[in-house]
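Observations on chain architecture
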Amino acid sequence: IDIMLLILFLLQLGIIASAAAGHQTMTIRRRVQEESPLATCDPKQHQCRCQDNDNDHDLQGRRSIRVASFDIHCLRLRRNADAFESIANITIELECLGYNELHEEILADAKLKTGYYDGFMFGPFLTGEMVKVGGLHDLTPYVQQGGAYDLRWNDMFRFNREHAAVYDNKVVMIPLDGDVLSFFYRKDLFEKYDKQPPKTWEEYTELAKFFHGKVEPLPGSSSNETVTLSGSCVGRKFRCQEEHWIILILSSMTQHTGTKTGFLFDTSNMEPLLGEAFVETIRFTEEQFAYGADNEMEGCFDSTNIAKMNSGQCAMTYGWGDSFTEGAKGPPTSFVSGLIGTAQTPGSPVYLDRLSQKLAQCTGATCSCKGDDAASTNACLNVAPYTAFTGWSGAVSSFSSKYRQDDTTDFFAYASSPEVSLFDTIPNITGGAPFISVDPFRVSHTNAQDWIDAGLPADSVVSYLETIKEQQSDPNAVIDIRIPQTPAFLDELKVVMNEHIIKINEKKLQGLTGDDLFSSEEEKWEVERKLRAKWKALIASYDRENSQNLLEIYQRSLGIYAPTYNNQDLSKIRPVGLTLCCILLVTSLGFACWTFLHRRNNIIKVSQPLFLYTFCFGCFVLGSSIIPLSIDDSTTSVSGASKACICMAFPWLVSIGFTTSFAALFSKIWRVVRVMKSSMAMRRVEVKYTDVLGPFVVLLTMNLVLLLVWTILDPMKYERTYSPQTLESVGSCQSSGNVWKYCVSFIFVINFIAIIAANVLAYKGRNIGSDFVESKWIMLCTASIFQVMLIGAPLMALVSENVVASYFVSAILVFVIGESILLFIFLPKLYETKTRTGSSKSSKNVKISMPSVTPSTRERKSAFPSSRDSVEQRESGAQLKDSVVQGEAELGGE
């Protein structure tokens with residue numbers, strides 16, 4: 001008995017410890033969330049200007065903001081700032097910085113959280129670094145509310161409003177420029193030789209080869225001056241934007257199913273997208289270089305792509321809209337005004353399979369094809385417009401005060417508004433006019449008449465604007481990478497490609513042509529392997545030094561990040577529960593078999609085999625309830641009707657199993673107490689099975705009715721819920737209404753009252769000292785159940801939010817209740833059977849222990865008034881002994 005009680009105590013102690021641990025974990029998590037909110041502006045911590053800071057105003061008492069900008073755009077922003085100051089009655093301090101200085105300054109300001117700059121017009125490539133340090137103010141609420149100053153968000157091109165301005169599904173920038181690379185060509189030359197803009201890079205090479213070296217009249221020349229054409233003009237000076245030309249070709253093969261799939265890294269594992277696509281990119285680059293301008297190795301975009309085209313020395317090129325707007329100006333800026341045609345950059349008939357890193361044929365199902373090819377299984381061209389650099393944008397500092405954030409946001413909204421930005425987008429075509437470099441980023445910017453009215457050639461304008469509009473609205477438009485270490489990744493690309501092109505240039509200078517000029521396949525693959533190794537080293541280094549890995553950041557930059565939730569499932573604790581289940585099932589079956597084998601033993605007869613079988617059956621059903629409790633979506637697909645079946649199986653099995661076992665126990669106690677009372681009254685009583693089954697039927701019926709109501713009106717269903725705040729998901733059985741609360745409450749109250757009643761009856765029969773009457777063991781059994789339920793109920797409420805702890809506590813409670821019933825009922829019988837000769841002995845040899853009844857003093861005096869009453873007392877004791885044995889024998893039955 002002492003060992004059994006010690007085991008039960010240790011089990012209960014384990015329940016309390018596990019529950020306390022689970023509760024403590026949840027409490028700590030809640031406390032951390034409540035005490036550590038994300039701060040945006042704390043003057044003591046960040047040294048930033050907040051709402052009540054005097055620095056929010058200038059010397060005249062007007063609110064003031066400080067904005068940093070690239071010096072090329074300062075002329076534009078200064079004009080916008082002057083107009084906005086008079087409208088909003090604020091002062092705008094504009095700081096004009098060089099390209100590198102600008103991005104270094106705003107990043108340093110964000111890292112130090114000084115809030116020196118309230119806003120900045122910057123290159124979106126820095127977005128990843130700025131978001132990492134929390135430097136960009138969330139503009140989503142502003143945009144959702146419609147903004148101010150005629151922002152007209154939906155007027156922006158699809159790409160700009162859905163991708164360029166968005167990071168991790170939040171609006172963090174207001175577009176002020178629209179960048180996309182287009183194909184530009186001499187319309188007069190293509191018409192003269194009956195040529196069409198290239199659809200593929202193979203065709204581009206063929207056209208470059210065709211035009212290269214041709215001698216043509218200089219456009220606009222009154223004399224017979226001629227020029228020797230270059231087939232293709234692309235600046236390849238080291239670290240002078242040359243990475244964009246490489247990515248333009250590469251992305252036409254690596255991105256084929258939408259902007260959010262990315263072009264440079266696999267969005268599932270951060271594997272570089274190179275392979276055969278990069279080898280082909282090297283080949284196309286070599287061929288273009290072979291038929292390119294003579295200054296490509298020394299020239300940048302402006303001095304090669306633009307200047308060579310505008311001087312009439314180039315047949316075709318690709319680049320930003322500046323190629324068109326600068327080319328539309330008159331001499332001396334351009335000699336080809338009105339002669340420049342615009343088309344989409346070439347596509348690719350093949351795409352890179354990301355798993356094998358090999359090229360495969362494009363079809364409508366695998367690539368982003370146009371027109372009828374989009375729904376066809378036939379071969380088609382993948383179209384992937386490259387929005388190189390993504391376009392200059394305005395962003396607001398997270399470390400500025402609320403007033404300054406609002407004013408800065410309003411200023412950028414004003415500068416981006418259709419009417420104001422249109423003035424900046426349409427170029428001044430006067431020869432020698434300043435270079436502004438703003439490309440269309442709104443649908444309203446593509447009204448050709450506005451451009452024609454400004455003096456631009458009608459035919460050229462229409463093709464240019466239609467091309468820009470189509471590319472910026474393409475669902476497969478390529479967005480530049482916006483992750484930390486972006487400059488490092490691009491610099492490695494520049495280095496390996498520059499080293500390779502230098503080798504080709506050396507051969508070119510030696511006069512080599514054809515296959516002698518181009519590199520071998522092995523040399524191309526060596527460049528691919530070198531770049532892949534460098535990129536993977538950068539990724540590994542970053543992941544080692546930072547808690548947030550680059551893959552997650554890359555996914556966030558594309559708006560596809562799905563948090564890796566810490567799924568609370570039963571994988572680790574399930575073996576414990578199933579082990580307890582097996583022990584309880586085996587114990588139930590074992591005692592049932594033992595009862596059957598010893599059914600003729602007097603001990604078993606007196607204890608009534610039917611009741612013993614009922615105990616075993618009830619505990620078996622009770623133990624089997626752990627099986628559905630152990631099922632969740634980590635082991636099987638939980639959907640449809642199975643959601644309710646699995647969840648409702650547990651309360652049904654627990655209720656039926658417990659009610660069956662406990663009702664039998666209650667009936668046994670009631671039988672013992674009734675026999676005791678009849679014996680004390682000196683009369684015989686016959687207790688039939690129908691008499692003791694009454695409590696069982698009543699208790700079971702009430703439980704079944706409540707379970708039926710629960711199942712019909714408000715069944716539990718398995719659902720997994722996700723919490724973005726804690727990055728945890730919880731799969732549990734839940735009811736949609738409140739009916740289950742009433743049903744569970746009534747079931748608990750009914751069974752708890754029955755347990756109390758059983759304990760009262762057990763207490764009354766505690767002094768019956770018979771080897772056959774299990775009053776002492778029944779009392780211990782009911783007391784144990786009462787104790788388990790008294791502790792278990794609050795524990796279940798305590799751990800209800802923790803799936804693992806709740807499962808463990810439930811399984812332990814089921815196990816302890818089931819084993820308590822079986823062990824307290826059967827172990828004494830096993831002991832008695834072993835210490836006696838068994839059923840072969842005569843019942844007259846059975847030692848009977850008289851019930852210890854202690855009468856009161858008054859009763860004692862009346863019970864023994866004289867010596868002659870001793871004879872009557874002995875006769876009375878004999879009758880009581882016979883009554884107990886006879887009553888037990890009648891109930892046991894042979």
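Everything in this summary refers to the structure shown in the same document.

Rules used throughout
Residues numbered from 1 in each chain as written. Predicted model: local features only at pLDDT ≥ 70, side-chain atom pairs only at ≥ 80, totals over all residues. Heavy atoms only, no water. Pairing = 2+ DSSP bridges. Helix = DSSP H or I, 4+ residues; strand = E, 2+ residues; numbered from the N terminus. Axes fitted to C-alpha atoms, helices over the stretch in contact; angles between N-to-C directions. Contact = heavy atoms within 4.5 Å. Patch = residues over 30% accessible without salt bridge, like charges linked within 9 Å, V, L, I, M, F, W, Y side chains within 5 Å. Areas by Shrake-Rupley, 256 points an atom, 1.4 Å probe, with all protein chains shown as cover. Salt bridge = Lys/Arg side-chain N within 4 Å of Asp/Glu carboxyl O. Buried < 20%, exposed > 50% of the residue type's maximum accessible area, 1.4 Å probe, protein only. Parallel < 35°, antiparallel > 145°, perpendicular 65-115°, else oblique. Left-handed = near helix turned anticlockwise from the far one by under 90°. Nonpolar A, V, L, I, M, F, W, Y, C, P; charged D, E, K, R; others polar. Right-handed = clockwise from strand over helix to strand, strands pointing away.

Another aspect to go through is the sheet that holds strand β11 (residues 340–343). Sheet architecture is open: 3 strands sit in the order β10-β7-β11, paired in antiparallel fashion. Two strands close off the open sheet at either side, each with one partner strand: β10 (316–319) and β11. The mean inter-strand angle of the sheet, taken between neighbouring strand axes irrespective of direction, is 30 degrees. Examined bridge by bridge, strand β7 (residues 182–186) and β10 share 4 bridges and lie antiparallel to one another. Bridge pairing in β10 places F184 opposite T317. Where helix α9 (residues 201–211) meets the sheet, its contacts fall on β7 and β10, and the angle it forms with β10 comes to roughly 135 degrees.

Looking now at a nonpolar patch on the surface. On the surface, V705, L708, V709, I712 and L713 cluster together to form a nonpolar patch covering roughly 470 Å² of accessible area. In this structure L713 comes out as exposed when scored by relative accessible area, which is 58%.

Moving on, we come to unusual backbone geometry. The amide bond that connects P331 to the next residue, P332, takes the cis arrangement and shows omega of 5 degrees. For Q241, which is not glycine, the phi torsion reads 70 degrees and is therefore positive. Here Q241 lies in the loop between β9 (226–228) and α10 (242–254). Classification of Q241 by relative accessible area gives partly exposed; the value is 33%. In this structure, Q485 takes a positive phi of about 75 degrees despite not being glycine.

For the pair α10 and helix α11 (residues 275–290), interaxial distance at closest approach is 9 Å and the crossing angle is 140 degrees. Relative to α11, the element α10 is oriented oblique. Crossing handedness for the pair α10 and α11: right-handed. Within the contact between the two elements, α10 uses I246, I249, L250, M253 and T254 and α11 uses A277, F278, E280, T281, F284, T285 and Q288. Per-class residue counts for the contact of α10 with α11 are 7 nonpolar, 4 polar and 1 charged.

Let us look at the pairing of strand β2 (residues 90–97). Direction of pairing for strand β1 (residues 63–70) relative to β2: parallel, over a ladder of 8 bridges. Within β2, the residue paired with F70 across the bridge is L97. With helix α3 (residues 74–88) bridging β1 and its parallel neighbour β2, the resulting β-α-β unit is right-handed.

On to the packing of helix α18 (residues 486–509) against helix α19 (residues 521–545), then. Where α18 meets α19, the axes come as close as 10 Å, and the angle between the chain directions of the two elements is 160 degrees. Taken together, the axes of α18 and α19 are roughly antiparallel relative to one another. As α18 runs across α19, the sense of the crossing is right-handed. Along its contact with α18, which presents A488, F489, E492, L493, V496, E499 and H500, the element α19 presents V527, K530, L531, K534, W535, L538 and I539. When grouped by side-chain class, the residues that make up the contact of α18 with α19 number 9 nonpolar, 1 polar and 4 charged.

With that settled, the discussion passes to the pattern of salt bridges. Pairs can form between side chains of opposite charge whenever their charged atoms are close. For the structure on display, the rule yields 33 salt bridges. Between E216 and K192 there is a salt bridge, with the nearest N and O atoms lying 2.7 Å from each other. Here K192 lies in helix α8 (residues 187–192) and E216 lies in strand β8 (residues 215–217), a separation of 24 residues in the sequence. A salt bridge links R529 to E522; the nearest nitrogen and oxygen atoms lie 2.5 Å apart.

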